[in-house]
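Letter by letter, the chains look like this.
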Amino acid sequence: MSILIKNGRVITASSDSIADIFIDGETILSIGKNLDVQADEIIDATGKLVMPGGIDPHVHLDMPFMGTFSSDNYETGTRAALFGGTTTVIDFVLQTQGKSLQSALQEWKGRSDNNCLGDYSFHMAVTDYNEDTKKEIQHFIEEEGIVSFKTFMAYKGALMIDDRQMIGLMQEVKKHGGLINVHATNGDMIDFLIAKHKSEGKLAPLYHYLSQPEITEAEASGRFADMASYTGCPGYIVHLTCEGALNAVRNATRRNQKVFVETCIQYLILDASLYEQNFEGAKWVMSPPLREKKDQATLWAGINQGLVQVVATDHCPFMWEQKLMGKDDFSKIPNGHPAIENRMELLFSEGVQKGRITLNKFVEVSSTNAAKIFGMFPKKGTIAVGSDADIIIIDPNQTHTISASTHHMNVDYSGYEGWELKGKIETVLLRGKVAINDNECKVQKGYGQFIKRNKVSQII
Ligand code: URP
Ligand code: ZN
Ligand code: ZN
């Protein structure tokens, strides 16, 4: 099967020109003006923007968490991702403390194998680093193609590791060419504040926010960067939200170390005033919480300064019924919010259309940088000869409105209900196949492939 995309404005992280793209099978065969080729299908992209498919390196599908499971499984989550122009996601396998990394991987494969519509990969979350875990690291990087290891500096008792474990893991991961991801907040400070608020009878969602002040994130981000500098291990801070934490990274970059930063779409466009509305605020109970307007400004600036390389989602949806688990106690509200379907169009509308970022920057932070940092470039993350034909076609002038009544995520509310967006992703190709067109999904579960990734030391 061959496809010719004609006359689109083709944007990559570093180029912008009107061109045709000829796709043969799963990959791009040629790019140029007025290509003289025969194709099975022609897509006229005149007046449209043609960009690499989005990569969301931070999603939680069908994940056991806080006494329940995130409500999108691999089928519904990757389908919704495709509708929103995200062709590849990276999900998280969570080690159970006391058990092996491999047993967790087998459990996650049981839920994901043959169920994805879009391409996917895994980060391995190490929640119990010991002599046995240490022996598994090389195998994950070299055999499983899982080169990034997630760590939590919070969620004590379930996911958190201490600094001794962190240093040991960093040394082992660096030795084999991998990367450490981190949820960088000070778990002990947060636990202290949660207990304090509960003892004072302060139980509303607002106190979730007040239990995780900026200092808890700034301190942990700085500490993580210091440990990464000491060990020489590349680091990646997930869901960074605020000025204090970004300043800690700014200092680290002065030492010329590799500490990459991801923020998420919600931290760029939503703020903590949403917690001031009784239990409704539970829709945005996530960790870290939404911050202040001044933090949004810092994050947009950080993107343009090159300090923030990735805009992800931390997609971790829960039905309203599940959120109600914390009706009388904010600490029992499952943490997370849905965005896998909305990230690309929100970033385009709020970022590009409002003049905050350029089109090239949009491609960089929604796709290319994640592919590079996580060892998938240039197979993924760009439009180039030989790359996978993962392509989105955007009509920049079409407006539409976000609503839970029309979205495809398996969740019964939207954190962005009624938001009007300018720019619609009309067509999505994944490995040379039209996956989305005219608001219809054209691929079945099982089409999505597990992407084995390369050692990051070979790319960054
Ligand atoms: O609130 C969040 N972020 N839920 C998912 C787990 C995590 O910390 O990323
Ligand atoms: Zn986290
Ligand atoms: Zn997360």
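Residues numbered from 1 in each chain as written. Chains lettered and ligands numbered in written order. Predicted model: local features only at pLDDT ≥ 70, side-chain atom pairs only at ≥ 80, totals over all residues. Heavy atoms only, no water.

**Concerning the site of ligand 1**
Taken together, the neighbourhood of ligand 1 is formed by His-58, His-60, Phe-65, Tyr-155, His-183, His-239, Met-286, Ser-287, Asp-314, Cys-316, Asn-335 and Gly-336. Measuring from a nitrogen atom of ligand 1, one finds a backbone N or O atom of Asn-335 at 3.0 Å. Here an oxygen atom of ligand 1 sits 3.4 Å away from a polar atom, N or O, in the main chain of Gly-336. Taken together, the residues that form the shell around ligand 1 break down as four nonpolar, seven polar and one charged. (Near = heavy atom within 4 Å. Polar contact = N/O pair within 3.5 Å; in protein donor to acceptor, adjacent residues only side chain to side chain. Nonpolar A, V, L, I, M, F, W, Y, C, P; charged D, E, K, R; others polar.)

**Some remarks on the domain arrangement of the protein**
Each assigned domain of the protein is listed here: domain 1 (2-51 + 387-397 + 422-441) and domain 2 (53-373). Here the C-alpha centre of domain 2 lies 31 Å away from the C-alpha centre of domain 1. Each partner contributes residues to the interface: domain 1 has 26 residues there, and domain 2 has 22 residues. In total, about 1900 Å² of surface goes out of reach between domain 1 and domain 2, with carbon and sulfur atoms giving 65% of it. The interface formed by domain 1 and domain 2 contains two salt bridges. Taken together, the links from domain 1 to domain 2 amount to eight residue pairs in polar contact (both at pLDDT 80 or more). Among the secondary structure elements, those contributing two or more residues to the side of domain 1 that touches domain 2 are β1 (2-11), β5 (49-52), β16 (391-401), β17 (420-430), β18 (433-437) and β19 (440-441). Broken down by element, the side of domain 1 that touches domain 2 gets its largest block of residues, seven residues, from β17. (Domains from an automatic or database assignment. Contact = heavy atoms within 4.5 Å. Buried area = accessible area lost by both parts, 1.4 Å probe. Salt bridge = Lys/Arg side-chain N within 4 Å of Asp/Glu carboxyl O. Helix = DSSP H or I, 4+ residues; strand = E, 2+ residues; numbered from the N terminus.)

**Points about the pairing of β18**
When a strand is regular, its side chains alternate between the sheet's two faces. Alignment of β17 against β18, held across four bridges, turns out to be antiparallel. When the sheet's bridge partners are listed, Thr-427 is paired in β18 with Asn-437. As consecutive antiparallel partners, β17 and β18 are separated by two residues, and within that stretch Arg-431 has a phi angle of approximately 45°, a positive value. In terms of strand pairing, β18 meets β19 through two bridges, oriented antiparallel. Each bridged residue has a counterpart across the sheet, and for Asn-437 the counterpart in β19 is Glu-440. In this antiparallel pair of consecutive strands, β18 and β19, the connection spans two residues, and Asp-438 shows a positive phi of 50°. (Pairing = 2+ DSSP bridges.)

**Some points on the packing of aromatic side chains**
Summed over all chains, the structure comprises eleven aromatic pairs. Ring centres 5.8 Å apart and planes at 75° place the aromatic pair Tyr-120 and Phe-122 in the edge-to-face group. Both residues of the pair, Tyr-120 and Phe-122, count as buried. Summarising the aromatic geometry, the rings of Tyr-236 and Phe-374 are spaced 4.7 Å apart at their centres and angled 65° between planes, so their arrangement reads as edge-to-face. Taken together, the positions of Tyr-236 in strand β13 (residues 235-237) and Phe-374 in the loop between α13 (359-373) and β16 put the pair 138 residues apart, joining distant regions of the chain. (Phe/Tyr/Trp six-rings, centres within 6.5 Å; stacked < 30°, edge-to-face > 60°. Buried < 20%, exposed > 50% of the residue type's maximum accessible area, 1.4 Å probe, protein only.)

**Description of the coordination of the zinc ion (ligand 3)**
The protein atoms that coordinate the zinc ion (ligand 3) are His-58 (NE2), His-60 (NE2) and Asp-314 (OD), at distances spanning 2.0 to 2.2 Å. One way to put it: the four donor atoms around the zinc ion (ligand 3) meet at angles of 85 to 133°, and that makes the site tetrahedral. Motif for the zinc ion (ligand 3), donor spacing along one chain: H-x1-H-x253-D. In this structure, the zinc ion (ligand 3) lies 3.9 Å from the zinc ion (ligand 2). Across this residue pair, the class does not change: His-58 and His-60 are buried. (Donors = N, O, S within 2.8 Å, 3.2 Å for Na, K, Ca; no water. Tetrahedral: all angles 85-135°; square planar, octahedral: opposite > 155°, others 65-115°.)

**A few points about the environment of Val-37**
When you line up the elements, Val-37 lands in the loop between β3 (27-32) and β4 (41-44). Judged by its relative accessible area of 29%, Val-37 is partly exposed. Apart from residues no more than four positions distant in its own chain, Val-37 is found in contact with Leu-4 and Phe-22.

**Observations regarding helix α4 (residues 163-176)**
One full turn of an α-helix is made of 3.6 residues, so residues set three or four places apart face in the same direction. Its 14 residues give α4 an end-to-end C-alpha distance of 20 Å, which sits within 8% of 20 Å, the value for a rise of 1.5 Å per residue. Every buried residue of α4 is accounted for by Gln-165, Met-166, Leu-169, Met-170, Glu-172, Val-173 and His-176. Packing partners of the buried residues in α4 comprise α3 (131-144), β11 (148-152), β12 (179-183) and α7 (214-231). Backbone nitrogen of Arg-164 and a side-chain oxygen of the N-cap are separated by 3.2 Å at the start of α4; the cap is Asp-162. Where α4 ends, the next residue or the one after it, Gly-177, has phi of about 90°, a positive value. (Expected span 1.5 Å × (residues − 1).)

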